[in-house]
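Notes for the structure review
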Amino acid sequence: EQNRFYAECIRLHPDRLAACATLHPAAGRDATLADVRRAHDEGFVGLGELSPHSQRYAIDDPVFREVLSLAAELRMPVNLHVTDPDSRDFPGRVATPLADFVRLATEFSRTTLILAHWGGLLPLRDPAADKLANVYYDTAASPLLYGPEIWRRFIAAAGAGRVLFGSDFPLNLYPKIELEAELIRLVAEARASGLAPESLAAVFHENAKRVFKLDERID
């Protein structure tokens, strides 16, 4: 149902909207792979946000592994949920061992992976992350997880070319000071980080254009 909704959105506004498709291996091999191919044909630019750990399927699930291989073939990046192993407990929190993502990135080196929520700070915790050329990170829900210093700290470790701006909108990122969700404060936080203009441009839009091949899609 969600995929059908977003398919209609991008059909109506292909010049303004792009979307990622969701899936669950429990639908079965044939149905799941058919969903991925249909999403590609309908103009979806990626898959995700997927969360094997919270959706209760193993990273060794054979259907999931076929999805990752097919994603490489179709040039569709896969966005995966990551929980910081040191984050505070909260309702619904599910552990996502960082070693699992290193393993997936290594075994599916042709598949582009985007690890959500700064990837649980993977590049700051595991030197092996530097060698994972197919891994990117998004900034979704950043203010709920880290202070404003994360922008410079993380990008110093991973590089501006590996980070995509994400928000988790319409989640309220500043619940202590705002009654409703909005994006302006998060954008301002990033701009106030002291990052160079070219780094901000990469994070805000250039990386997404490259990773999701948005220029090719519009053409």
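Criteria and cut-off values
- Residues numbered from 1 in each chain as written.
- Predicted model: local features only at pLDDT ≥ 70, side-chain atom pairs only at ≥ 80, totals over all residues.
- Heavy atoms only, no water.
- Helix = DSSP H or I, 4+ residues; strand = E, 2+ residues; numbered from the N terminus.
- Expected span 1.5 Å × (residues − 1).
- Buried < 20%, exposed > 50% of the residue type's maximum accessible area, 1.4 Å probe, protein only.
- Arc of directions from axis to C-beta.
- Disulfide = S-S within 2.5 Å.
- Phe/Tyr/Trp six-rings, centres within 6.5 Å; stacked < 30°, edge-to-face > 60°.
- Salt bridge = Lys/Arg side-chain N within 4 Å of Asp/Glu carboxyl O.

**Considerations on helix α2 (residues 29-41)**
With 13 residues, α2 ought to run about 18 Å at 1.5 Å a step, and its terminal C-alpha atoms sit 18 Å apart, in line with that. Among all positions of α2, only Thr32, Leu33, Val36 and Ala39 are buried. For α2, the arc enclosing every buried residue in end-on projection is 120 degrees, short of the 170-degree limit, so these residues lie on one face. Away from its buried face, by an angle of more than 90 degrees, α2 presents the exposed residues Asp30 and Asp41.

**Considerations on the state of the cysteines**
Taken as a whole and assessed by the stated rule, the structure comprises zero disulfides. Here cysteine 9 is not cross-linked by a disulfide; its sulfur's nearest cysteine counterpart is in cysteine 20, at 13 Å. Its relative accessible area of 22% is what places cysteine 20 among the partly exposed residues.

**What about unusual backbone geometry?**
Between glycine 48 and the following residue, glutamate 49, the backbone shows a cis peptide bond with an omega angle of 0 degrees. By the element assignment, glutamate 49 lies in strand β2 (residues 46-50). Cis peptide bonds are those with omega within 30 degrees of zero, and the linkage from phenylalanine 169 to proline 170 qualifies with 15 degrees. As for its placement among the helices and strands, proline 170 is situated in the loop between β6 (163-164) and α9 (184-191). At aspartate 168, a residue that is not glycine, the phi angle is positive and equals roughly 70 degrees.

**Observations concerning the packing of aromatic side chains**
Going through the model one piece at a time under the given rule, you end up with six aromatic pairs. For the pair phenylalanine 5 and tyrosine 6, a centre-to-centre distance of 5.1 Å together with 80 degrees between the ring planes defines the contact as edge-to-face. Relative accessible area serves as the criterion here: at 35%, tyrosine 6 is assigned to the partly exposed category. With centroids separated by 5.2 Å and ring planes inclined at 75 degrees, the aromatic side chains of tyrosine 137 and phenylalanine 154 adopt a geometry described as edge-to-face.

**Things to note about the pattern of salt bridges**
What the rule picks out here adds up to 15 salt bridges. Residue arginine 65 is joined to glutamate 107 by a salt bridge in which the shortest nitrogen-to-oxygen separation is 3.0 Å. Of this pair, arginine 65 sits in helix α4 (residues 62-74) while glutamate 107 sits in helix α5 (residues 98-107), and the two are 42 residues apart along the sequence. Looking at arginine 65, the relative accessible area reads 26%, which means it is partly exposed. Relative accessible area serves as the criterion here: at 38%, glutamate 107 is assigned to the partly exposed category. For arginine 185, the salt bridge goes to glutamate 178, with nearest N and O atoms at 2.7 Å. By relative accessible area, which is 9% here, glutamate 178 ends up buried.

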